[in-house]
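Observations on the three-dimensional arrangement
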Amino acid sequence: MRVAVVGLGAWGSMTAWRLAAAGADVVGFEAHAIGHDRGSSHGATRLYRRLCVEHAGLVPLAERSAALWRDLEERAGERLLTVTGGVSVGPADSVLVRDSLAVATAAGVSHEVLDATRVRERWPMLRVADDAVGVVDPAAGILAAEPSVLAAAAAARAAGATLREGTRVDARDAAEGVLHVAGRRERFDQVVIAAGAWTGELVPGLGVTPTRTLVTWFAPRRGHEQELSAQRLGVVVAAVGDAWMWGHGALPGGLVKLGPADDPAFVPIRPDDLVGSVDARDGALVSRLAAAALPGVDSTPAHVRPCMYGRTADHQFVVGRVGPRLLVAGGCNGHGFKHAAAIGEHLAELALGEVPTVPMPFADPRRVASVVDA
Ligand SMILES: Cc1cc2nc3c(=O)[nH]c(=O)nc-3n(C[C@H](O)[C@H](O)[C@H](O)COP(=O)(O)OP(=O)(O)OC[C@H]3O[C@@H](n4cnc5c(N)ncnc54)[C@H](O)[C@@H]3O)c2cc1C
(Lines give C-alpha, C1' and ligand atoms only; values in the text may rest on other atoms or scores of the structure.)
Protein backbone atom coordinates (compact mmCIF):
# COMPACT_ATOMS: atom_id res chain seq x y z
CA MET A 1 0.00 0.00 0.00
CA ARG A 2 1.35 3.45 -0.97
CA VAL A 3 0.93 5.96 1.85
CA ALA A 4 1.87 9.65 1.92
CA VAL A 5 2.70 11.47 5.14
CA VAL A 6 2.50 15.26 4.87
CA GLY A 7 4.59 16.98 7.55
CA LEU A 8 7.57 15.36 9.26
CA GLY A 9 7.60 16.94 12.71
CA ALA A 10 7.28 14.66 15.73
CA TRP A 11 3.88 13.26 14.74
CA GLY A 12 4.60 12.81 11.03
CA SER A 13 8.09 11.35 11.40
CA MET A 14 6.81 8.82 13.94
CA THR A 15 3.93 7.98 11.58
CA ALA A 16 6.35 7.44 8.70
CA TRP A 17 8.46 5.16 10.93
CA ARG A 18 5.52 3.03 12.10
CA LEU A 19 4.10 2.79 8.56
CA ALA A 20 7.44 1.76 7.06
CA ALA A 21 8.06 -0.69 9.91
CA ALA A 22 4.68 -2.27 9.10
CA GLY A 23 5.73 -2.75 5.47
CA ALA A 24 3.92 0.14 3.77
CA ASP A 25 5.41 1.95 0.78
CA VAL A 26 5.84 5.34 2.48
CA VAL A 27 6.56 8.74 0.97
CA GLY A 28 6.97 11.55 3.50
CA PHE A 29 6.91 15.24 2.58
CA GLU A 30 8.40 18.03 4.68
CA ALA A 31 8.24 21.67 3.62
CA HIS A 32 11.47 22.50 5.48
CA ALA A 33 14.37 20.33 6.64
CA ILE A 34 13.49 17.58 9.12
CA GLY A 35 14.22 18.95 12.61
CA HIS A 36 13.69 22.60 11.57
CA ASP A 37 12.72 25.32 14.06
CA ARG A 38 9.59 26.85 12.48
CA GLY A 39 6.94 24.43 13.76
CA SER A 40 6.06 22.64 17.02
CA SER A 41 8.77 20.04 17.50
CA HIS A 42 12.04 21.95 17.79
CA GLY A 43 14.19 22.65 20.83
CA ALA A 44 16.07 20.42 23.21
CA THR A 45 13.36 18.84 25.37
CA ARG A 46 9.69 18.07 25.99
CA LEU A 47 8.04 16.83 29.17
CA TYR A 48 6.90 13.24 29.39
CA ARG A 49 4.06 12.63 31.85
CA ARG A 50 2.18 9.35 32.17
CA LEU A 51 -0.38 10.99 34.43
CA CYS A 52 -1.98 13.05 31.66
CA VAL A 53 -4.29 15.51 33.37
CA GLU A 54 -5.73 16.49 29.96
CA HIS A 55 -7.70 13.21 29.49
CA ALA A 56 -7.67 9.76 31.10
CA GLY A 57 -7.62 8.22 27.61
CA LEU A 58 -4.17 9.70 27.05
CA VAL A 59 -2.61 7.56 29.79
CA PRO A 60 -2.46 4.32 27.74
CA LEU A 61 -1.24 6.40 24.79
CA ALA A 62 1.63 7.80 26.88
CA GLU A 63 2.48 4.30 28.13
CA ARG A 64 2.52 2.89 24.61
CA SER A 65 4.65 5.83 23.44
CA ALA A 66 7.24 5.16 26.14
CA ALA A 67 7.54 1.55 24.97
CA LEU A 68 7.97 2.65 21.34
CA TRP A 69 10.51 5.27 22.42
CA ARG A 70 12.63 2.53 24.02
CA ASP A 71 12.55 0.69 20.68
CA LEU A 72 13.59 3.90 18.90
CA GLU A 73 16.42 4.43 21.40
CA GLU A 74 17.81 1.00 20.55
CA ARG A 75 17.72 1.77 16.85
CA ALA A 76 19.23 5.24 17.34
CA GLY A 77 21.82 4.12 19.89
CA GLU A 78 21.07 7.09 22.13
CA ARG A 79 19.00 7.93 25.20
CA LEU A 80 15.86 9.84 24.21
CA LEU A 81 13.65 9.51 27.32
CA THR A 82 15.17 10.21 30.74
CA VAL A 83 12.86 9.18 33.58
CA THR A 84 13.06 11.58 36.53
CA GLY A 85 9.65 11.27 38.19
CA GLY A 86 7.46 14.30 38.64
CA VAL A 87 4.77 15.98 40.67
CA SER A 88 1.61 17.97 39.99
CA VAL A 89 1.10 20.30 42.92
CA GLY A 90 -1.46 22.87 43.96
CA PRO A 91 -4.23 23.60 46.43
CA ALA A 92 -6.33 20.53 47.24
CA ASP A 93 -9.36 22.07 45.52
CA SER A 94 -7.47 23.22 42.40
CA VAL A 95 -8.47 21.88 39.00
CA LEU A 96 -4.92 20.56 38.56
CA VAL A 97 -5.02 18.40 41.69
CA ARG A 98 -8.65 17.33 41.29
CA ASP A 99 -8.24 16.34 37.65
CA SER A 100 -4.87 14.66 38.24
CA LEU A 101 -6.42 12.47 40.93
CA ALA A 102 -9.47 11.76 38.78
CA VAL A 103 -7.28 10.71 35.82
CA ALA A 104 -5.03 8.58 38.04
CA THR A 105 -8.06 6.77 39.43
CA ALA A 106 -9.87 6.39 36.10
CA ALA A 107 -6.77 5.10 34.31
CA GLY A 108 -5.50 3.02 37.22
CA VAL A 109 -2.10 4.73 37.17
CA SER A 110 0.33 4.12 40.01
CA HIS A 111 0.78 7.41 41.85
CA GLU A 112 1.38 8.84 45.30
CA VAL A 113 -0.54 11.62 47.04
CA LEU A 114 1.50 13.87 49.34
CA ASP A 115 0.42 16.60 51.74
CA ALA A 116 2.29 19.93 51.85
CA THR A 117 4.78 18.73 54.47
CA ARG A 118 5.78 15.73 52.41
CA VAL A 119 5.88 17.76 49.19
CA ARG A 120 8.34 20.13 50.92
CA GLU A 121 10.46 17.18 52.10
CA ARG A 122 10.70 15.73 48.60
CA TRP A 123 10.75 19.03 46.65
CA PRO A 124 12.26 21.61 49.05
CA MET A 125 12.95 23.91 46.10
CA LEU A 126 9.18 24.35 45.49
CA ARG A 127 7.27 27.04 47.37
CA VAL A 128 3.90 25.48 48.20
CA ALA A 129 0.97 26.62 50.36
CA ASP A 130 0.04 24.80 53.57
CA ASP A 131 -3.06 23.32 51.93
CA ALA A 132 -1.09 22.03 48.93
CA VAL A 133 -1.41 18.48 47.65
CA GLY A 134 1.15 16.81 45.41
CA VAL A 135 0.25 14.00 43.01
CA VAL A 136 3.42 12.11 42.16
CA ASP A 137 3.93 10.55 38.71
CA PRO A 138 6.93 8.21 39.05
CA ALA A 139 7.07 7.61 35.28
CA ALA A 140 7.46 11.28 34.32
CA GLY A 141 10.60 12.34 32.52
CA ILE A 142 12.28 14.39 29.83
CA LEU A 143 12.27 13.62 26.12
CA ALA A 144 15.07 14.74 23.82
CA ALA A 145 12.93 16.59 21.26
CA GLU A 146 14.90 17.24 18.07
CA PRO A 147 16.94 14.02 18.45
CA SER A 148 13.67 12.05 18.67
CA VAL A 149 12.36 13.56 15.44
CA LEU A 150 15.64 12.86 13.67
CA ALA A 151 15.75 9.31 15.08
CA ALA A 152 12.20 8.57 13.91
CA ALA A 153 12.97 9.90 10.43
CA ALA A 154 16.16 7.83 10.30
CA ALA A 155 14.25 4.72 11.44
CA ALA A 156 11.62 5.37 8.77
CA ARG A 157 14.29 5.66 6.09
CA ALA A 158 16.05 2.54 7.37
CA ALA A 159 12.73 0.68 7.03
CA GLY A 160 12.40 1.82 3.42
CA ALA A 161 10.51 5.12 3.56
CA THR A 162 11.32 7.90 1.11
CA LEU A 163 11.33 11.24 2.94
CA ARG A 164 11.39 14.33 0.74
CA GLU A 165 12.61 17.43 2.58
CA GLY A 166 12.18 20.98 1.32
CA THR A 167 9.00 19.81 -0.42
CA ARG A 168 5.78 21.66 0.34
CA VAL A 169 2.76 19.85 -1.02
CA ASP A 170 -0.62 21.19 -2.05
CA ALA A 171 -3.19 18.94 -0.38
CA ARG A 172 -6.38 20.31 -1.99
CA ASP A 173 -7.20 16.88 -3.50
CA ALA A 174 -5.89 14.81 -0.59
CA ALA A 175 -9.37 13.38 0.04
CA GLU A 176 -9.03 11.62 -3.35
CA GLY A 177 -5.56 10.39 -2.44
CA VAL A 178 -3.91 12.99 -4.69
CA LEU A 179 -1.16 15.41 -3.69
CA HIS A 180 0.18 18.18 -5.91
CA VAL A 181 3.95 18.21 -5.63
CA ALA A 182 6.01 20.73 -7.60
CA GLY A 183 3.25 21.00 -10.22
CA ARG A 184 2.77 17.22 -10.57
CA ARG A 185 -0.09 15.06 -9.32
CA GLU A 186 1.02 12.13 -7.17
CA ARG A 187 -1.49 9.42 -6.28
CA PHE A 188 -1.60 7.45 -3.02
CA ASP A 189 -3.82 4.79 -1.49
CA GLN A 190 -3.84 6.72 1.78
CA VAL A 191 -2.75 10.23 2.78
CA VAL A 192 -1.90 11.21 6.36
CA ILE A 193 -1.77 14.95 7.02
CA ALA A 194 0.32 15.61 10.14
CA ALA A 195 1.12 19.23 9.45
CA GLY A 196 1.07 20.64 12.99
CA ALA A 197 -0.12 24.24 13.07
CA TRP A 198 -0.62 24.10 9.27
CA THR A 199 -3.13 21.23 9.54
CA GLY A 200 -6.11 23.59 9.68
CA GLU A 201 -5.00 25.29 6.44
CA LEU A 202 -4.56 21.97 4.64
CA VAL A 203 -7.80 20.44 5.94
CA PRO A 204 -10.26 23.31 6.50
CA GLY A 205 -13.08 22.66 8.94
CA LEU A 206 -11.02 20.76 11.51
CA GLY A 207 -11.23 23.57 14.04
CA VAL A 208 -7.45 23.70 14.53
CA THR A 209 -6.25 27.25 15.32
CA PRO A 210 -2.52 27.89 14.84
CA THR A 211 -1.24 29.59 17.97
CA ARG A 212 2.07 31.28 18.72
CA THR A 213 3.64 30.14 22.00
CA LEU A 214 7.02 30.36 23.70
CA VAL A 215 9.75 28.14 25.05
CA THR A 216 11.37 29.76 28.11
CA TRP A 217 14.52 28.69 29.94
CA PHE A 218 15.78 29.92 33.32
CA ALA A 219 19.15 29.79 35.08
CA PRO A 220 19.40 28.62 38.72
CA ARG A 221 20.58 31.24 41.19
CA ARG A 222 24.03 30.61 42.60
CA GLY A 223 23.92 27.81 45.17
CA HIS A 224 20.65 26.36 43.78
CA GLU A 225 22.14 24.42 40.88
CA GLN A 226 21.93 20.99 42.56
CA GLU A 227 18.34 21.28 43.77
CA LEU A 228 17.24 22.46 40.32
CA SER A 229 18.91 19.62 38.43
CA ALA A 230 16.73 17.33 36.33
CA GLN A 231 17.22 14.44 38.73
CA ARG A 232 16.26 16.48 41.84
CA LEU A 233 13.46 18.69 40.50
CA GLY A 234 12.28 16.24 37.84
CA VAL A 235 9.08 17.23 36.06
CA VAL A 236 6.77 19.72 37.77
CA VAL A 237 3.31 21.06 37.06
CA ALA A 238 2.29 23.69 39.61
CA ALA A 239 -1.02 25.52 40.04
CA VAL A 240 -0.15 29.12 40.95
CA GLY A 241 -3.30 31.16 41.49
CA ASP A 242 -5.43 30.61 38.39
CA ALA A 243 -2.44 29.71 36.22
CA TRP A 244 -0.47 26.51 35.73
CA MET A 245 3.26 26.37 35.26
CA TRP A 246 4.96 23.25 33.91
CA GLY A 247 8.66 22.54 33.65
CA HIS A 248 11.66 20.36 34.33
CA GLY A 249 15.01 20.64 36.09
CA ALA A 250 18.26 21.35 34.31
CA LEU A 251 19.94 18.52 32.44
CA PRO A 252 23.76 18.50 32.71
CA GLY A 253 25.03 21.73 31.14
CA GLY A 254 21.47 22.94 30.56
CA LEU A 255 18.90 25.30 32.06
CA VAL A 256 15.60 24.92 33.89
CA LYS A 257 12.70 24.84 31.44
CA LEU A 258 9.44 26.45 32.61
CA GLY A 259 6.31 27.50 30.77
CA PRO A 260 2.74 28.57 31.43
CA ALA A 261 -0.16 26.39 30.32
CA ASP A 262 -1.69 29.54 28.85
CA ASP A 263 -0.53 33.12 28.44
CA PRO A 264 -1.94 36.35 26.91
CA ALA A 265 1.15 36.21 24.66
CA PHE A 266 -0.16 32.96 23.09
CA VAL A 267 -2.11 34.36 20.15
CA PRO A 268 -3.48 33.02 16.86
CA ILE A 269 -0.98 33.31 14.03
CA ARG A 270 -0.61 32.42 10.36
CA PRO A 271 1.87 29.53 10.61
CA ASP A 272 4.14 30.91 7.89
CA ASP A 273 4.40 34.19 9.84
CA LEU A 274 6.15 32.72 12.90
CA VAL A 275 9.32 34.75 13.35
CA GLY A 276 12.26 34.13 15.63
CA SER A 277 12.14 37.44 17.49
CA VAL A 278 10.55 38.02 20.91
CA ASP A 279 9.53 41.20 22.73
CA ALA A 280 9.41 42.39 26.34
CA ARG A 281 5.92 40.94 27.00
CA ASP A 282 7.10 37.47 26.00
CA GLY A 283 7.94 35.50 29.12
CA ALA A 284 6.44 38.06 31.54
CA LEU A 285 3.79 35.69 32.93
CA VAL A 286 6.08 32.71 33.35
CA SER A 287 8.61 34.98 35.11
CA ARG A 288 5.97 35.81 37.72
CA LEU A 289 4.98 32.15 38.10
CA ALA A 290 8.62 31.12 38.45
CA ALA A 291 9.24 33.76 41.11
CA ALA A 292 6.18 32.55 43.04
CA ALA A 293 6.73 28.79 42.85
CA LEU A 294 10.45 28.22 42.31
CA PRO A 295 12.46 30.90 44.13
CA GLY A 296 15.79 29.20 43.34
CA VAL A 297 15.64 30.28 39.70
CA ASP A 298 16.57 33.70 38.43
CA SER A 299 13.09 34.72 37.30
CA THR A 300 14.35 36.68 34.30
CA PRO A 301 14.33 34.15 31.45
CA ALA A 302 17.80 33.29 30.21
CA HIS A 303 16.41 32.26 26.85
CA VAL A 304 13.04 32.80 25.12
CA ARG A 305 12.16 31.27 21.79
CA PRO A 306 8.91 31.42 19.81
CA CYS A 307 7.16 28.22 18.88
CA MET A 308 3.59 27.35 17.85
CA TYR A 309 0.98 24.65 17.93
CA GLY A 310 -2.57 23.99 16.82
CA ARG A 311 -5.34 24.53 19.36
CA THR A 312 -8.84 23.05 19.38
CA ALA A 313 -11.95 24.27 21.17
CA ASP A 314 -12.16 21.21 23.46
CA HIS A 315 -8.35 21.06 23.95
CA GLN A 316 -8.24 17.49 22.61
CA PHE A 317 -6.27 16.22 19.62
CA VAL A 318 -7.86 15.72 16.20
CA VAL A 319 -6.42 12.39 15.13
CA GLY A 320 -8.09 9.89 12.85
CA ARG A 321 -9.88 9.28 9.60
CA VAL A 322 -11.75 12.04 7.76
CA GLY A 323 -12.31 10.22 4.47
CA PRO A 324 -11.78 6.83 2.80
CA ARG A 325 -8.28 7.91 1.72
CA LEU A 326 -7.53 10.69 4.19
CA LEU A 327 -6.31 10.74 7.79
CA VAL A 328 -5.37 13.78 9.86
CA ALA A 329 -3.33 14.47 12.98
CA GLY A 330 -3.50 17.98 14.37
CA GLY A 331 -4.51 20.10 17.33
CA CYS A 332 -1.75 18.98 19.69
CA ASN A 333 -2.70 21.81 22.08
CA GLY A 334 0.87 21.94 23.36
CA HIS A 335 1.00 18.49 24.94
CA GLY A 336 1.40 16.11 22.03
CA PHE A 337 5.10 15.34 21.90
CA LYS A 338 5.00 12.58 24.51
CA HIS A 339 2.25 10.85 22.52
CA ALA A 340 3.96 11.15 19.14
CA ALA A 341 5.15 7.55 18.90
CA ALA A 342 1.78 6.03 19.79
CA ILE A 343 -0.06 8.52 17.57
CA GLY A 344 2.25 7.49 14.73
CA GLU A 345 1.39 3.86 15.40
CA HIS A 346 -2.32 4.68 15.63
CA LEU A 347 -2.30 6.47 12.27
CA ALA A 348 -0.28 3.69 10.66
CA GLU A 349 -2.80 1.12 11.90
CA LEU A 350 -5.76 3.16 10.64
CA ALA A 351 -4.10 3.71 7.25
CA LEU A 352 -3.44 -0.02 6.91
CA GLY A 353 -6.97 -0.97 7.97
CA GLU A 354 -5.88 -2.50 11.27
CA VAL A 355 -7.49 -2.25 14.69
CA PRO A 356 -5.62 0.43 16.70
CA THR A 357 -3.47 -0.79 19.59
CA VAL A 358 -4.60 2.22 21.64
CA PRO A 359 -8.07 3.53 20.70
CA MET A 360 -8.52 7.32 20.82
CA PRO A 361 -12.26 7.98 20.58
CA PHE A 362 -11.88 11.36 22.31
CA ALA A 363 -9.62 12.53 19.44
CA ASP A 364 -11.83 11.26 16.61
CA PRO A 365 -12.32 13.98 13.95
CA ARG A 366 -15.94 12.82 13.61
CA ARG A 367 -16.70 15.09 16.57
CA VAL A 368 -15.95 17.98 14.16
CA ALA A 369 -18.81 17.04 11.85
CA SER A 370 -18.12 19.57 9.07
CA VAL A 371 -15.00 17.84 7.85
CA VAL A 372 -15.83 14.16 7.85
CA ASP A 373 -16.45 12.20 4.69
CA ALA A 374 -15.84 8.68 6.05
C1 LIG B 1 6.40 25.72 23.40
C2 LIG B 1 5.92 24.30 23.31
C3 LIG B 1 6.12 23.44 24.37
C4 LIG B 1 5.65 22.14 24.31
N5 LIG B 1 5.87 21.31 25.36
C6 LIG B 1 5.45 20.04 25.30
C7 LIG B 1 5.76 19.14 26.35
O8 LIG B 1 6.44 19.49 27.32
N9 LIG B 1 5.32 17.87 26.25
C10 LIG B 1 4.58 17.44 25.18
O11 LIG B 1 4.19 16.28 25.16
N12 LIG B 1 4.30 18.28 24.15
C13 LIG B 1 4.72 19.55 24.18
N14 LIG B 1 4.47 20.40 23.15
C15 LIG B 1 3.73 19.91 21.97
C16 LIG B 1 4.63 19.13 21.04
O17 LIG B 1 5.85 19.78 20.85
C18 LIG B 1 3.90 18.85 19.72
O19 LIG B 1 2.68 18.23 20.03
C20 LIG B 1 4.71 17.92 18.84
O21 LIG B 1 5.96 18.48 18.59
C22 LIG B 1 3.99 17.53 17.56
O23 LIG B 1 4.17 18.47 16.57
P24 LIG B 1 3.62 18.17 15.10
O25 LIG B 1 4.39 17.09 14.47
O26 LIG B 1 2.14 18.05 15.16
O27 LIG B 1 3.90 19.57 14.37
P28 LIG B 1 5.24 20.12 13.69
O29 LIG B 1 6.44 19.73 14.45
O30 LIG B 1 5.04 21.57 13.43
O31 LIG B 1 5.28 19.33 12.32
C32 LIG B 1 4.43 19.65 11.25
C33 LIG B 1 5.28 19.71 10.01
O34 LIG B 1 4.47 19.83 8.86
C35 LIG B 1 5.21 20.55 7.90
N36 LIG B 1 4.29 21.03 6.89
C37 LIG B 1 3.28 21.91 7.05
N38 LIG B 1 2.63 22.10 5.89
C39 LIG B 1 3.24 21.32 4.97
C40 LIG B 1 3.02 21.07 3.58
N41 LIG B 1 2.03 21.68 2.90
N42 LIG B 1 3.85 20.22 2.94
C43 LIG B 1 4.86 19.59 3.62
N44 LIG B 1 5.11 19.78 4.93
C45 LIG B 1 4.30 20.63 5.60
C46 LIG B 1 5.87 21.65 8.73
O47 LIG B 1 6.98 22.21 8.08
C48 LIG B 1 6.22 20.90 10.00
O49 LIG B 1 7.55 20.44 9.99
C50 LIG B 1 4.95 21.70 23.16
C51 LIG B 1 4.78 22.56 22.08
C52 LIG B 1 5.27 23.84 22.14
C53 LIG B 1 5.09 24.72 20.95
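Rules used throughout
Residues numbered from 1 in each chain as written. Predicted model: local features only at pLDDT ≥ 70, side-chain atom pairs only at ≥ 80, totals over all residues. Heavy atoms only, no water. Buried < 20%, exposed > 50% of the residue type's maximum accessible area, 1.4 Å probe, protein only. Helix = DSSP H or I, 4+ residues; strand = E, 2+ residues; numbered from the N terminus. Pairing = 2+ DSSP bridges. Near = heavy atom within 4 Å. Polar contact = N/O pair within 3.5 Å; in protein donor to acceptor, adjacent residues only side chain to side chain. Areas by Shrake-Rupley, 256 points an atom, 1.4 Å probe, with all protein chains shown as cover. Nonpolar A, V, L, I, M, F, W, Y, C, P; charged D, E, K, R; others polar. Domains from an automatic or database assignment. Contact = heavy atoms within 4.5 Å. Buried area = accessible area lost by both parts, 1.4 Å probe. Salt bridge = Lys/Arg side-chain N within 4 Å of Asp/Glu carboxyl O.

Side chains on a regular strand alternate between the two faces of the sheet. Along strand E13 (residues 190–193), one buried face is formed by Gln190 and Val192 and the opposite face, lined by Val191 and Ile193, is buried too. Bridging between strand E1 (residues 2–6) and E13 involves four bridges; their strand directions are parallel. Paired with Val3 across the two strands is Gln190, which belongs to E13. Pairing analysis gives three bridges linking E13 to strand E20 (residues 326–330), with the strands arranged parallel. Paired with Val191 across the strands is Leu326, a residue of E20.

Once that is clear, we can look at the site of the ligand. Lining the immediate surroundings of the ligand are 36 residues, of which Glu30, His36, Ser41, Arg46 and Leu47 lie closest. The separation between an oxygen atom of the ligand and a polar main-chain atom of Trp11 is 3.0 Å. The contact in question runs from an oxygen atom of the ligand to an N or O atom on the backbone of Leu47, over 2.8 Å. Relative to its free-state accessible area of 1,000 Å², the ligand is covered by the protein chains to the extent of 98%. Residue assignment for the shell around the ligand shows that the elements contributing at least two residues are helix H1 (10–21), strand E3 (45–48), strand E14 (209–218) and strand E18 (303–311). Split by residue class, the shell around the ligand holds 19 nonpolar, 13 polar and four charged. Residues from two domains meet in the shell around the ligand; each of domain 1 (2–65 + 144–204 + 314–371) and domain 2 (85–141 + 210–311) gives at least three.

On to the domain arrangement of the protein. Domain assignment breaks the protein into domain 1 (2–65 + 144–204 + 314–371) and domain 2 (85–141 + 210–311). Computed over C-alpha atoms only, the centres of domain 1 and domain 2 are separated by 27 Å. Facing the 27 residues of domain 1 at the interface are 37 residues of domain 2. A buried area of about 2,600 Å², summed over both sides, lies between domain 1 and domain 2, and 62% of it is on carbon and sulfur atoms. Contact with domain 2 buries area across many residues of domain 1, yet Leu47, Leu51 and Val53 alone supply 25% of it, more than any other trio. Taken together, the connections running from domain 1 to domain 2 amount to two salt bridges. Run the count over domain 1 and domain 2 and you get 14 residue pairs in polar contact (both at pLDDT 80 or more). Broken down by class, the residue content of the side of domain 1 that touches domain 2 amounts to 11 nonpolar, nine polar and seven charged.

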